[in-house]
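Below are the chains, spelled out letter by letter.
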Amino acid sequence: MKKSVLISQYFTLDENMMFITGSLIIVLSLFLTLMVVIPGKRKKKTIDTMSGLEFEEYVAKILKNNGYKIYLTKSSHDFGADIIVYNLGTKKLKMVIQLKRYSEKIPISAVQEVFAAMFYYDADISVVLTNNYFSNASITLADKIGVELWDRGVLLALKRGERLEKYLDEYL
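A. Summary view of the overall build of the protein. What the protein contains, in helices and strands, is 5 helices and 7 strands. When the helices and strands of the protein are placed in sequence order, the string is β-β-α-α-β-β-β-α-β-α-β-α. The buried share among the 172 residues of the protein stands at 34%. Contacts spanning at least 24 positions in sequence make up 51% of the contacts within the protein whose residues lie at least 6 apart. Here the protein has roughly 11,300 Å² of accessible surface; of this, 59% comes from carbon and sulfur atoms.

B. Broad picture of the pattern of salt bridges. Per the counting criterion, the structure on display carries 4 salt bridges. For Lys 100, the salt bridge goes to Glu 113, with nearest N and O atoms at 3.6 Å. Of the two residues, Lys 100 is situated in strand β5 (residues 93-100) and Glu 113 in helix α3 (residues 108-120); the sequence distance between them amounts to 13 residues. Among the residues examined, Lys 100 registers a relative accessible area of 12% and is labelled buried. For Lys 166, the salt bridge is made with Glu 162, and the minimal N-O distance between the two is 3.3 Å.

C. Quick peek at the packing of aromatic side chains. On inspection of all chains with the given rule, the structure shows 4 aromatic pairs. The interplanar angle of 85° and the centroid separation of 4.9 Å between the aromatic rings of Tyr 120 and Tyr 121 together place this pair among those described as edge-to-face. A ring pair is formed by Trp 150 and Tyr 167, whose centres lie 5.5 Å apart and whose planes are at 50°; its orientation type is tilted. A residue pair is termed long-range when its members are at least 10 positions apart, and Trp 150 in strand β7 (residues 148-150) and Tyr 167 in the segment after α5 (152-159) qualify at 17 residues. Trp 150 sits in the buried class, given a relative accessible area of 3%. Positioned over the ring face of Tyr 86 is Lys 69, at 5.6 Å from the centre of the ring.

D. Expanded view of the sheet that holds strand β4 (residues 83-88). Spatial strand order, β3-β4-β5-β6-β7: 5 strands in an open sheet with mixed pairing. Two strands close off the open sheet at either side, each with one partner strand: β3 (69-72) and β7. Geometrically, the sheet is characterised by an average inter-axis angle of 25° between neighbouring strands, direction not taken into account. Sheet analysis places strand β6 (residues 125-130) next to β7, joined by 3 bridges and oriented parallel. Looking across to β7, one finds that Val 127 is bridged to Glu 148. The strands that helix α2 (residues 52-65) touches are β3, β4, β5 and β6; relative to β3, the one it contacts most, it runs at about 165°.

E. Looking closely at the nonpolar core. In this structure, Leu 63, Ile 83, Val 85, Leu 88, Met 95, Ile 97 and Leu 164 are the most contacted members of the largest nonpolar core, which totals 26 residues. Put simply, the parts of the chain that give this core at least two residues each are α2, β4, β5, β6 and α5. Broken down by element, this core gets its largest block of residues, 5 residues, from α2. Apart from the residues within four sequence positions on either side, Ile 83 is in contact with Glu 56, Val 59, Ala 60, Leu 63, Ile 70, Tyr 71, Leu 72, Met 95, Val 96, Ile 97 and Leu 99. Ranked by size, the runner-up nonpolar core spans 15 residues in total, among them Val 96, Ile 106, Ala 142 and Val 147.

Rules used throughout
Residues numbered from 1 in each chain as written. Predicted model: local features only at pLDDT ≥ 70, side-chain atom pairs only at ≥ 80, totals over all residues. Heavy atoms only, no water. Helix = DSSP H or I, 4+ residues; strand = E, 2+ residues; numbered from the N terminus. Buried < 20%, exposed > 50% of the residue type's maximum accessible area, 1.4 Å probe, protein only. Contact = heavy atoms within 4.5 Å. Areas by Shrake-Rupley, 256 points an atom, 1.4 Å probe, with all protein chains shown as cover. Salt bridge = Lys/Arg side-chain N within 4 Å of Asp/Glu carboxyl O. Phe/Tyr/Trp six-rings, centres within 6.5 Å; stacked < 30°, edge-to-face > 60°. Lys NZ or Arg CZ within 6 Å of the ring centre and 35° of its normal. Pairing = 2+ DSSP bridges. Axes fitted to C-alpha atoms, helices over the stretch in contact; angles between N-to-C directions. Core = buried A, V, L, I, M, F, W, Y, C linked by side-chain atoms within 4.5 Å.

Spatial relationships are all this shows, so hold off on functional conclusions.
Here is the structure:
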């Protein structure tokens, strides 16, 4: 004789139904667990958790999506520029960008590197673009030698589709 369990006065489960119900619960639990763990379904990295190379590719994609002709330099021995923007504005200027994805304020060395890169790549404009902000020494030197400093606010504005030219009035 089959055993059955009285769940309520209107519904009973025999052993087979209890086995099927339990199995379905286990399968559903496994499925939901796998949905969370499957590669490609993980959360996207934020600009603050990307590697330096991922950050360079991220910014390059933003600039390309905004319609700029760019060149992403090799990841090492880049002479101080990570991205070169060509044919900028009506004067067809060339701009070098040094990218810094840092968790602290950007040091003066970034300004020095991109300034040197401007001469190496025969560019008209030099920029340091970061996910963060700049040290006082960086700001002082950049003001003195004409390097543009673009912080997190500018980066997020570019992501929203804002044009580079907005920040380059004095050159264009």
